[in-house]
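# Analysis of the macromolecular model
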Amino acid sequence: MDENSVHNPLLWGQGSGHANVRRKTPLSVTLAKWILKIAMLALFISWVALMFLFPADFVQKLFEKWIQATNGTVFGITGSLFLLFSGPILLIAVLSIAYLVVSGEEELHEKKASKYPSFRLWTFPVLVDGPFGVVSAAELIGILLFVVFVIWAVYAYIMSILSLMSDQLTFKEKSCLFLEILGLRFGLIGMFCLAFLFLPVARGSVLLRFIDIPFEHATRYHVWLGHLTMLLFTIHGLLYIVAWTIEGRLLHEILEWRDIGVANLPGVISLSAGLLMWVTSLPPHQLYVIFIVFLALHVGDFIFTMAAGGIFIFILDRFLRFCQSRRVVDIISAKCLPCGTVELVLAKPENLRYNALSFVFLQVRELSWLQWHPFSVSSSPLDGKYHISVLIKVLGKWTEKLRGNILENSEKELPFSPHSKITASVEGPYGHETPYHLMYENLILVAGGIGISPFLAVLSDILHCVREGRPCLLRNILIVWAVKRSDELSLLSTIDMDSICPSFSSKLNLETCIYVTRESEPPLEEGKVQNTLDFSLCPTSKRCGMSVLVGTGHTIWSGLYVISSTVGFVISMGLLDIFYINPFHISSWWYKGLLFIVCMITSVVIFGGLVVGLWHLWERRILAKEQFEDDKLNIDKAEHKETVAREDSHLAKLTGIRYGARPDFKEIFETVSKNWGHVDAGVIVCGPPTLQSSVAKEIRSHNFREQSDHPIFHFNSHSFDL
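Residues numbered from 1 in each chain as written. Predicted model: local features only at pLDDT ≥ 70, side-chain atom pairs only at ≥ 80, totals over all residues. Heavy atoms only, no water.

- The protein chain appears in an unreviewed UniProt entry as ferric-chelate reductase (NADH) from Prunus yedoensis var. nudiflora.
- UniProt annotates the protein chain under Subcellular location (unreviewed entry) with the comment "Membrane".
- The annotation that UniProt attaches to the protein chain under Cofactor (unreviewed entry) is "FAD". (UniProt positions renumbered as here; feature names shortened; annotations may be inferred.)

### A closer look at the overall build of the protein chain
- The helix and strand tally for the protein chain stands at 21 helices and 15 strands.
- For the protein chain, contacts bridging at least 24 residues in sequence account for 82% of all contacts bridging at least 6.
- Accessible area for the protein chain stands at about 32100 Å²; split by element, carbon and sulfur atoms hold 63% of it. (Helix = DSSP H or I, 4+ residues; strand = E, 2+ residues; numbered from the N terminus. Contact = heavy atoms within 4.5 Å. Areas by Shrake-Rupley, 256 points an atom, 1.4 Å probe, with all protein chains shown as cover.)

### A closer look at the packing of helix α3 (residues 76-103) against helix α12 (residues 301-325)
- Relative to each other, α3 and α12 sit at 15°, their axes nearing to 8 Å. One element, α3, and the other, α12, form an angle in the roughly parallel class. In the packing of α3 onto α12, the handedness of the crossing is right-handed. The segment α3 lies against α12, with I77, T78, L81, F82, F85, S86, I89, L90 and A93 engaging D301, F302, T305, M306, A307, A308, G309, G310, F312 and I313.
- Grouping the amino acids of the contact of α3 with α12 by side-chain chemistry returns 13 nonpolar, five polar and one charged. (Axes fitted to C-alpha atoms, helices over the stretch in contact; angles between N-to-C directions. Parallel < 35°, antiparallel > 145°, perpendicular 65-115°, else oblique. Left-handed = near helix turned anticlockwise from the far one by under 90°. Nonpolar A, V, L, I, M, F, W, Y, C, P; charged D, E, K, R; others polar.)

### Regarding the packing of aromatic side chains
- In total, this model carries 36 aromatic pairs according to the counting rule given.
- Taken together, a centroid distance of 5.9 Å and an interplanar angle of 70° make the contact between F54 and F85 edge-to-face. Placement of F54 in the loop between α1 (27-53) and α2 (57-70) and of F85 in helix α3 is noted, with a sequence separation of 31 residues between them. Accessibility classification places F54 together with F85 in one group, the buried group. (Phe/Tyr/Trp six-rings, centres within 6.5 Å; stacked < 30°, edge-to-face > 60°. Buried < 20%, exposed > 50% of the residue type's maximum accessible area, 1.4 Å probe, protein only.)

### Describing unusual backbone geometry
- For the peptide bond that leads from G428 to P429, omega is 5°, which places it in the cis range.
- Here P429 lies in strand β8 (residues 423-431).
- Notably, D212 is not glycine yet its phi reads approximately 60°, a positive angle.
- Checked against the element boundaries, D212 lands in the loop between α7 (206-211) and α8 (215-247).
- Given the relative accessible area of 22%, D212 is considered partly exposed.
- Although it is not a glycine, H585 adopts a positive phi angle of roughly 55°.

### A look at the pairing of strand β11 (residues 509-516)
- Counting buried residues along β11, eight of its eight residues qualify, which places the element largely inside the surrounding structure.
- Side chains of β11 alternate between two faces, with N509, E511, C513 and Y515 and L510, T512, I514 and V516 buried alike.
- As paired elements, strand β10 (residues 476-483) and β11 share eight bridges and run parallel to each other. Bridge pairing in β11 places A482 opposite Y515. (Pairing = 2+ DSSP bridges.)

### Digging into the environment of V377
- Tracing the chain through its elements places V377 in the loop between β6 (373-376) and β7 (387-393).
- Other than its neighbours up to four places away in sequence, V377 contacts Y354, A356, S358, F359, V360, I388, S389, V390, S453, P454 and A457.

### Considering the pattern of salt bridges
- Counted by the stated rule, this structure contains 14 salt bridges.
- The residue E180 makes a salt bridge to R249 at a minimum N-O spacing of 3.2 Å. In this pair, E180 sits in helix α6 (residues 171-197) while R249 sits in the loop between α8 and α9 (250-254), placing the two residues 69 residues apart along the sequence.
- Assessed through its relative accessible area of 19%, E180 is described here as buried.
- Between R321 and E427 there is a salt bridge, with its nearest N and O atoms 3.4 Å apart. Linking R321 in helix α12 with E427 in strand β8, this pair joins segments that are 106 residues apart in sequence. Each member of the pair R321 and E427 is classed as buried.
- One salt-bridge network, in which partners are shared between bridges, spans E180, E247, R249, E253, E256 and R258. (Salt bridge = Lys/Arg side-chain N within 4 Å of Asp/Glu carboxyl O.)

### Topic: helix α11 (residues 287-299)
- Compared with an ideal rise of 1.5 Å per residue, which puts 13 residues at 18 Å, α11 spans 18 Å between its outermost C-alpha atoms and is within 8% of the ideal.
- Among all positions of α11, only Y288, F291, I292, L295, A296, L297, H298 and V299 are buried.
- Of the residues flanking the end of α11, it is G300, one or two places downstream, whose phi is positive at about 85°. (Expected span 1.5 Å × (residues − 1).)

### Some points on the nonpolar core
- The biggest cluster of nonpolar side chains holds 122 residues, and the ones touching the most others in it are F304, L344 and L362.
- No fewer than three residues from each of domain 1 (27-110 + 165-321 + 553-617) and domain 2 (328-412 + 419-522) sit in this core.
- If we skip the residues at most four places from it in the chain, L362 touches L344, L346, Q371, W372, H373, F375, I392, W398, A424, S425 and V426.
- Among the nonpolar cores identified, the runner-up in size contains 43 residues, and V458, L459, L463 and L489 belong to it. (Core = buried A, V, L, I, M, F, W, Y, C linked by side-chain atoms within 4.5 Å. Domains from an automatic or database assignment.)

### What about the confidence of the model for the protein chain?
- With 84% of its residues at a pLDDT of at least 70, the protein chain reaches an overall mean of 82.
- Here residues 628-653 is modelled with pLDDT under 50, and outside its nearest four sequence neighbours on either side it reaches 39 contacts, counting other chains as well. (pLDDT = per-residue confidence, 0-100.)

### Section: the packing of helix α10 (residues 264-280) against α11
- In the contact formed by α10 and α11, the axes pass within 8 Å of each other and the chain directions differ by 155°. With respect to α11, the axis of α10 lies roughly antiparallel. The crossing of α10 and α11 is left-handed. Facing N264, P266, G267, I269, S270, A273, G274, L276 and M277 of α10, the residues of α11 in contact are L287, Y288, I290, F291, F294, L295, L297 and H298.
- For the contact of α10 with α11, the residue count by class is 12 nonpolar, five polar and no charged.

And the structure:
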């Protein structure tokens, strides 16, 4: 790297670290956490092993014994299967709540820099150019396990089916019987995959919080599982269609809706809805409701229980998100930057928790009542108690309308009239349970365009931690930012590092390297922030902030919500069996499947809704005690304006800018390797897939040819587009 891009700061090796305040975790807490971890791990391994080994003969025999031993209960075979296939994941969710309550914020204080840098499966990129995008070693192991499971299950079932074939049957009869039984088995394998499918898209679920996987990453796993599940269900349907066609009864079978046994027509409707989602990716994907409901009608209640646990957790999360998104959130201020980016500052309560690498789903009702868009949070939780900021790049019709609305209102001389107010609804924030960007001593942030947004929050978070003496291991930070044009540099005006931590340069080695790819030289005039609009929609003391129901919300209330809904579901099913299904001898599979779905939903709405109502009242009581001080908010606004005034000196002081060039990651990582030594270096990338692939490829290359005195790079990505 030449003198125009990287200067002496990158050559700083072992800078002076700053003090980190750590509390010693009590022995009882550590012991409780280990017990909970071991219990959850044992449950999860047993649950996965049951499904993986289910095609084996010895497991089939054990399964039959289990059914015979438990079939005499009030819940019958439905309860037996629910306890076996859905009970473990719900129990893990309950134990996860206990773990999060016990842990509190102790988890952060236990993280320490490793004296011996080493590879980590979750951060070692293995595949970088394939259809799955950048895949870590741990993710590759998960993919291979699912592939092995499907191959093993198909093989085992084929061998089992062939052993059942009688020599007395004709070739046509054997073929049709083989196809139908194999189709049934493919459907069973698909149900096992369906048991995992909805777990990753429960955005604020305690399971994702416990394993510390943010929704943006979990979405990829949902997509992968969705492809596999729909492939299995499609083969399941095609095998039956071929068999029925050979037998000459295709139309009759497709339209059949039998009471005892599998109902074919609901299965056709469910598969059709699934194929529409799979092939066309129709927004807003509400077809999943049809897919799930008609699947329950198709297979009945006791088969549906095999995948009910994950679906129930998704329903829990979906209802909570619905309750949160009903609240109208005030937009404290809005400003339009020269690069066409909009900065919105949203009101929030003091007790709302989130981390710097978080994002929110935003709806602006003046633009659309149906559209929700995800945006990275650009402010640190330490920036202010009562606000949260997002940067929105104008790229489509919705964002263009938002920018036009702001510009139109900014030109008015009079205060806003009621019809011109801008209000929003918010889901989230979602993100990591712990701020993992603070767990590295050495950090490289790679951004493309608006991908700098979450890194502004990260940088602000780090500076606040340095100033306040909070736990933070960081000593060296390198920011690599590629932009198309120099007007995008105005995004840096949203943060003023000197005002956050005036003495940060003596405690933190920080360098920012900027690449302006479509300009060969600096413009004559740097862009200034323009069309700034600050407005209030209600008195400061009565500001309407976002709800704390979702995201990294209150763990105890979240736990009560999950537990009450689960207990309510069991009670509902018990009452239904005792007072309706058993006395009236209800035997229709499809009808019992419908009742099962109804009980799932009503238990969440009634039992869970009661907790949500109490949670809401508790939240209102807390908010009533908070005083939204005028001077605090005025200081926040003044700081934004002061930052704009310092933009030129800020850029000149902290950045090395290259025009007409792209980042050479090989050169960057080689330079870092020489100067940082043998350390763990975290790399976080936020940008388009091509940027992520380029960085991941270079990290993989460096790690494979690792030298004893070079860093081990750990790849992390922050989703550029959900």
